[in-house]
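# Descriptive analysis of the structure
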Amino acid sequence: MSLFHRAATPADVLIRAAHVLDPREGLDTRLDVLVRDGAVAELGAPHTLEAPAGAELLDGEGRHLFPGFVDPHVHLRVPGQEHKEDLDSGTRAAAAGGFVAVVAMPNTDPTVDCAPVLRALVEQARREARVPVGFLASVTRKLAGEALTEMAELRGAGALGFTDDGKPVHRAAILRRALQYQRLVGGVLALHEEDPSLSGVGVMHEGEVSARLGLAGIPSISESTAIARDAAIAAYEQGRIHIQHLSALESVQAVAEAKARGVQITCEASPHHLTPTHAALLDRLDTRLKMNPPLRTEADRQALIQGLRDGTVDCIATDHAPHAREEKEVPFEQAPMGTTGLETAFAAVFTELVVPGVLPLALVVEKLSAGAALLDLPLPRIAVGAPADLCLIDLEAEWEVGEHGYESRAENCCFAGRTLRGKVLATVAAGSVAYRERAFALSAA
Ligand SMILES: [Zn+2]
């Protein structure tokens, strides 16, 4: 087992007359869905299934029920940076966003680079996590890029795979050796792609906006050249790599070319790279819009969207990166990189891409859980006998991001203040109710 969470009562829930959309199961119709003892027990025509005694009734009329989302890329900041986020707050944020599983990055303090640290984290997740959490361990000790971690031991302690996220694996020989070990121990190798010699001291995308603002830029080639190099190394070693938070058109091309050559390569894109662009920084030089990789151009954004359509981009991942308020309340150049994203992922993509007809709803729903398969996790599905991993969403409801605060401990959301459409009403994760929206829970009572 490679996902960990605290024990919770298996749910008995009847979701009545929701529009059930599960593209992988070929479901796109109104149904009653009965969850018994934490598993999907029955699907029936609307208003035909009876709620067993003691079961909770969720009104799905006019709402949509999706397979729960899975995020292969979040920062939960444990151990060591609990002032930004912790396992409880981070997984509450996940549940509030419709996520039924998340995968946490190892760039913590200490780094998750040895089995004792990972084992302690697993135990903590078993006590605190509201939704199942998987953990990636680091590729190199202390993320220093020099010495490989004990990958076999870390796999044995529960690591889903490896990443130095936050930093690239800069030395090609280190990546090569990690791929050689991967052949023995398995697990995904997730890569933050960046050439530090090209990124330099950049704080935003290098282009006309950075020139106008007089800020140091991070060029797209910092990412795309690193991807091209690593795809070549993965091909040579016949290894499997997953590219994190793709941001640039050239990167989409690099991944597409590698896939066409048969390289075992997958990649993710984040809601914030699919929606705003660097032009947003002209309106407000807001540190919540500062992340790595940075917001880029409209052409880059369009390339990512096209990548989702044609399959070059395999999944959507939030790169949820919480920071304390005072850490972000500094001049733009000094602020840490990152935006939170778990609570806004679906609504942001739905509002910006589905409502205007840019992407079909079914594709977005599929891409929001597709990360599971890339990390060797089961895909949530709405099928009799499957564990209940579901989210109930009102696609009509509008809400202002941050108006009622966040479940996350952090407030650095790049969509703060925006009115978005699509509100998560309830999330059932690993068979238990992990989230009920406040007003919805009251109406159900
Ligand atoms: Zn990263």
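Residues numbered from 1 in each chain as written. Predicted model: local features only at pLDDT ≥ 70, side-chain atom pairs only at ≥ 80, totals over all residues. Heavy atoms only, no water.

## Section: the packing of helix H4 (residues 172–185) against helix H7 (residues 220–237)
- Packing of H4 against H7 leaves a shortest axis separation of 10 Å and a crossing angle of 40°. It follows from the interaxial angle that H4 and H7 lie oblique. For H4 against H7, the interelement crossing comes out right-handed. Of the residues in H7, those touching H4 at Ala172, Leu175, Arg176, Leu179, Gln180 and Arg183 are Arg229, Asp230, Ile233, Ala234, Tyr236 and Glu237.
- Along the lines of polarity and charge, the residues of the contact of H4 with H7 split into 6 nonpolar, 1 polar and 5 charged. (Axes fitted to C-alpha atoms, helices over the stretch in contact; angles between N-to-C directions. Helix = DSSP H or I, 4+ residues; strand = E, 2+ residues; numbered from the N terminus. Parallel < 35°, antiparallel > 145°, perpendicular 65-115°, else oblique. Left-handed = near helix turned anticlockwise from the far one by under 90°. Contact = heavy atoms within 4.5 Å. Nonpolar A, V, L, I, M, F, W, Y, C, P; charged D, E, K, R; others polar.)

## Some details on the packing of H7 against helix H8 (residues 249–260)
- Interaxial distance between H7 and H8 falls to 8 Å at its minimum, and their mutual angle equals 10°. The orientation of H7 relative to H8 falls into the category roughly parallel. Counted together, Ser220, Glu223, Ser224, Ile227, Ala228 and Ala231 of H7 and Glu250, Ser251, Ala254, Val255 and Ala258 of H8 form the full contact between these two elements.
- Tallied by class, the residues present in the contact of H7 with H8 amount to 6 nonpolar, 3 polar and 2 charged.

## Here we look at the coordination of the zinc ion
- Within the protein, the zinc ion binds to Asp165 (OD), His192 (ND1) and His245 (NE2); these donor distances fall in the range 1.9 to 2.3 Å.
- Written as a sequence motif, the donor residues of the zinc ion are D-x26-H-x52-H. Within this pair, whereas Asp165 is found in the loop between strand S9 (159–163) and H4, its partner His245 is found in the loop between strand S13 (240–243) and H8, the two being separated by 80 residues in sequence.
- The class of Asp165 is buried, set by a relative accessible area of 2%.
- Using a relative accessible area of 1% as the deciding quantity, one classes His245 as buried. (Donors = N, O, S within 2.8 Å, 3.2 Å for Na, K, Ca; no water. Buried < 20%, exposed > 50% of the residue type's maximum accessible area, 1.4 Å probe, protein only.)

## Overview of the packing of aromatic side chains
- Per the stated rule, a full pass over the model turns up 6 aromatic pairs.
- Judged by centre distance (5.7 Å) and plane angle (70°), the ring pair of Phe69 and Phe99 falls under edge-to-face. Pair noted here: Phe69 is in strand S6 (residues 69–74) and Phe99 is in strand S7 (residues 99–104), with a separation of 30 residues, a long-range link. Accessibility assignment for this pair places Phe69 and Phe99 in one class, buried.
- What links up through ring pairs into an aromatic cluster is the set Phe66, Phe69, Phe99, Phe346 and Phe350.
- Against the face of Phe332 rests Lys290, its NZ or CZ located 5.7 Å from the ring centre.
- The ring of Trp399 has Lys423 sitting right over it, with the charged end atom 5.3 Å from the ring centre. (Phe/Tyr/Trp six-rings, centres within 6.5 Å; stacked < 30°, edge-to-face > 60°. Lys NZ or Arg CZ within 6 Å of the ring centre and 35° of its normal.)

In short, geometric facts, not functional conclusions.
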